[in-house]
Amino acid sequence: MAILKIARMGHPVLLQRAAEIEDVTAPDIQRLISDMRETLADAGGVGLAGPQVHVSKRLFLYSVPQARSEGEDDPALDVQVILNPELEPVDDEMIPRVEGCLSIPGLRGQVPRYKRVRYAGYDETGKRINGVASGFRAHVMQHEMDHLDGILYPMRMTDLGRLGFEAEMVRYGVRA
């Protein structure tokens, strides 16, 4: 396993649509998943998409830490993997979410996100998975899915006055 370099905002890999994965169980994809797990743990994040580690492939890892769980419909989860994911909103209900990103270190911003999403894809063993996610899980899945489509969270913001450096926001008690 290896810790991979994380692409930062400005790198072209973050602005393009990632390619579908032909064989989700291929050894190179399994190695990438292992390396991404190690990279995510090292970075201390809750999600990581292929393009963020300079690999323009449609996969992401995510977790729901206990502190971020929003109840029974949004349980804490260890790191999950979804390959060739599909996401769609369950309905039109959206809520504002404060986001950060490993590719945009030090900044946070408020982004409107769907409250619930329907997802489908493959797990790392090649098994088809699907379900409905809500709460923090829905939030992080939408953020990571955006990476696969070349979208960074500031591109989703409706008020750039709600974007700031995390340290300053904490220092002055400003909520993004």
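Note that the structure is predicted; figures quoted are calculated from it, not measured.

What the protein chain contains, in helices and strands, is 3 helices and 8 strands. Along the protein chain, helices (α) and strands (β) appear in the sequence α-β-β-β-β-β-β-β-α-β-α when read from the amino end. Taking 16 Å as the expected radius of gyration for a compact globule of 176 residues, we find that the protein chain reaches 16 Å, a close match to that expectation. A principal-axis box enclosing the C-alpha atoms of the protein chain has dimensions of 50 × 35 × 30 Å. The proportion of buried residues among the 176 residues of the protein chain is 41%. For the protein chain, the exposed surface amounts to about 9200 Å²; the carbon and sulfur share of it is 49%. Where the 21 positive side-chain charges of the protein chain centre and where its 26 negative ones centre are 3 Å apart.

Enumeration according to the criterion identifies 1 aromatic pair in this entry. Note that Arg 128 overlies the ring of Tyr 122, its terminal NZ or CZ placed 5.0 Å from the centroid.

Another aspect to go through is the pairing of strand E3 (residues 77-89). As judged from the 5 bridges shared by strand E2 (residues 59-64) and E3, these two strands associate in the antiparallel manner. The partner of Tyr 62 across the bridge, within E3, is Gln 80. Strand direction decides the pairing type here: E3 and strand E6 (residues 116-122), joined by 5 bridges, are antiparallel. Looking at E6, one finds that Glu 86 is bridged to Ala 120.

This part covers the nonpolar core. Side chains that are nonpolar tend, in soluble globular proteins, to be buried together. Core analysis: the largest hydrophobic core is formed by 15 residues, its most contacted members being Phe 60, Tyr 62, Ile 82, Tyr 119, Ala 133, Met 141 and Leu 148. Every element with two or more residues in this core is listed here: E2, E6 and helix H2 (135-148). At 6 residues, the largest contribution of residues to this core is made by H2. Not counting chain neighbours up to four residues away, the residues in contact with Tyr 119 comprise Ile 82, Glu 86, Leu 87, Ile 129, Asn 130, Gly 131, Val 132, Ala 133, Arg 137 and Met 141. Ranked by size, the runner-up nonpolar core spans 14 residues in total, among them Val 24, Ala 26, Ile 29 and Val 81.

Reading the values: rules and limits
- Residues numbered from 1 in each chain as written.
- Predicted model: local features only at pLDDT ≥ 70, side-chain atom pairs only at ≥ 80, totals over all residues.
- Heavy atoms only, no water.
- Helix = DSSP H or I, 4+ residues; strand = E, 2+ residues; numbered from the N terminus.
- Rg over C-alpha atoms; globule rule 2.2 N^0.38 Å.
- Buried < 20%, exposed > 50% of the residue type's maximum accessible area, 1.4 Å probe, protein only.
- Areas by Shrake-Rupley, 256 points an atom, 1.4 Å probe, with all protein chains shown as cover.
- Lys, Arg positive; Asp, Glu negative; His and termini not counted.
- Charge placed at Lys NZ, Arg CZ, Asp CG, Glu CD.
- Phe/Tyr/Trp six-rings, centres within 6.5 Å; stacked < 30°, edge-to-face > 60°.
- Lys NZ or Arg CZ within 6 Å of the ring centre and 35° of its normal.
- Pairing = 2+ DSSP bridges.
- Core = buried A, V, L, I, M, F, W, Y, C linked by side-chain atoms within 4.5 Å.
- Contact = heavy atoms within 4.5 Å.

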